[in-house]
Amino acid sequence: MKKCILGLSLAFSTSVLAANPIFTDVFTADPAAIVHQDTVYLYTGHDEAKDNRTFFAMNDWLVFSSKDMVNWQRHGAKLSVKDFDWAKGDAWASHVIEKNGKFYWYVTLRHATINGFAIGVAVADSPVGPFKDARGSAIITNDMTTDTDIDWDDIDPAVFIDDDGQAYLFWGNTKPRYVKLKDNMIEMDGPIHAIDIPDFTEALWVHKKDDTYYLSYASGFPEKIAYATSKSIKGPWQYQGILNEVAGNSPTNHQAIIEFKGKSYFIYHTGASQNGGGEFRRSVAIDPLHYNEDGTIKLIHMTTKGISSAQ
Ligand code: FUB
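Residues numbered from 1 in each chain as written. Predicted model: local features only at pLDDT ≥ 70, side-chain atom pairs only at ≥ 80, totals over all residues. Heavy atoms only, no water.

## Describing the pattern of salt bridges
This is how the line gets drawn: Every case where a carboxyl oxygen of Asp or Glu lies within 4 Å of a side-chain nitrogen of Lys or Arg is listed as a salt bridge. To qualify as a helix, a DSSP run of H or I must reach at least 4 residues; to qualify as a strand, a run of E must reach at least 2; elements of each kind are numbered from the N terminus.
All chains considered together, the criterion is met by 15 salt bridges. Asp153 serves as the salt-bridge partner of Arg177, at 3.1 Å between the closest nitrogen and oxygen. Residue Arg177 is found in strand E15 (residues 177-181), and its partner Asp153 is found in the loop between strand E12 (140-141) and strand E13 (158-161); the two are separated by 24 residues along the sequence. For Asp211, the salt bridge identified is with Lys231, shortest N-O distance 3.2 Å. Of the two residues, Asp211 sits in the loop between strand E17 (200-209) and strand E18 (212-219) while Lys231 sits in the loop between strand E19 (224-230) and strand E20 (238-244), which places them 20 residues apart along the sequence. Among the ionic contacts, a cluster of salt bridges with common partners joins Asp30, Asp47 and Arg282.

## Brief notes about the packing of aromatic side chains
Formally: Between the rings of Phe, Tyr and Trp (Trp by its six-membered ring), a pair exists once the centres lie within 6.5 Å; its type follows the angle of the planes, with under 30 degrees stacked, over 60 edge-to-face, and the other angles tilted. Think of it in three bands: with a 1.4 Å probe and only protein chains considered, a residue is buried below 20% of the maximum accessible area for its type, exposed above 50%, and partly exposed in between. Here, a charge over a ring means that NZ of Lys or CZ of Arg falls within 6 Å of the ring centre while also lying within 35 degrees of the ring normal.
Evaluation of the coordinates by the stated rule reveals 20 aromatic pairs. Ring plane angle 65° and centroid distance 5.6 Å describe the contact between Tyr214 and Tyr291, whose orientation is recorded as edge-to-face. With a gap of 77 residues between them, Tyr214 in strand E18 and Tyr291 in the loop between strand E23 (283-289) and strand E24 (307-310) connect regions that are remote in the sequence. In this structure, Tyr214 and Tyr291 share a single accessibility class: buried. Following the ring pairs from residue to residue traces out a cluster consisting of Tyr43, Trp61, Phe84, Trp86, Trp105 and Phe131. When the ring centre of Tyr291 is taken as reference, the NZ or CZ atom of Lys209 above it lies at 5.0 Å.

What follows is the structure, given as structure tokens:
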């Protein structure tokens, strides 16, 4: 984070620049973000791999908050594999959403007794916790989705609450899926549905602007972020193309899209940290997101400059 004074003519106006990646002393990945009471809460995975030659080492999730998207407060690791008795590792991508004053944190984990990955959910009364396992069991397990040969198809939860209050859990790797959630946010309400979108890998994210639903996702490998739109949360989804190209030095990508104080932001990760970043040591970055007049989204311009705000 850099603070620069722009000269005498702007003596009383300090421009704060948030360089990308936004944190250089810790590796952060798979961002999810919410806006609550004029504050952005950023939830990230935590890459702890010793180097970029082996694989992910991820044991907990981190929380940050900001009132301007530039200056970030660190809240530390607020949820970890150890908070879920039924899990044995791999704190992969997560997603947080607020409903009726409670904050639900949906997480990817490796299940201890059912082969494969699973999705759990923790709950708290505040966006920074303390969070506790809301069920004592996984909400989604690999044996519920038997139409793939892989055991990592049940990852990357993303929850969306529609205008009528109905919540939906989206997730998947290679096969995108969604299911309705009960009002309690911790149980499925009905069957699991498949989603028809091209070249899907992982990292679903749903947001709505005006009367259009946007479903963005990591596509291909190395991953680009693609997106589709619909007039209904249940689809059909119309493919709209690439939203973000392959991110620097990282074959994975994972996005969060939020609107804050009238501007839209694309939050993602790269392997571009100069402190040893790479495939398994990723870092969160933020750049502006702009819509075209027809509601399509302009290609993200990934920068090292990041976003700035006048204070
Ligand atoms: O961080 C581990 C996995 O890599 C995530 O679950 C995927 O979205 C990809 O970013």
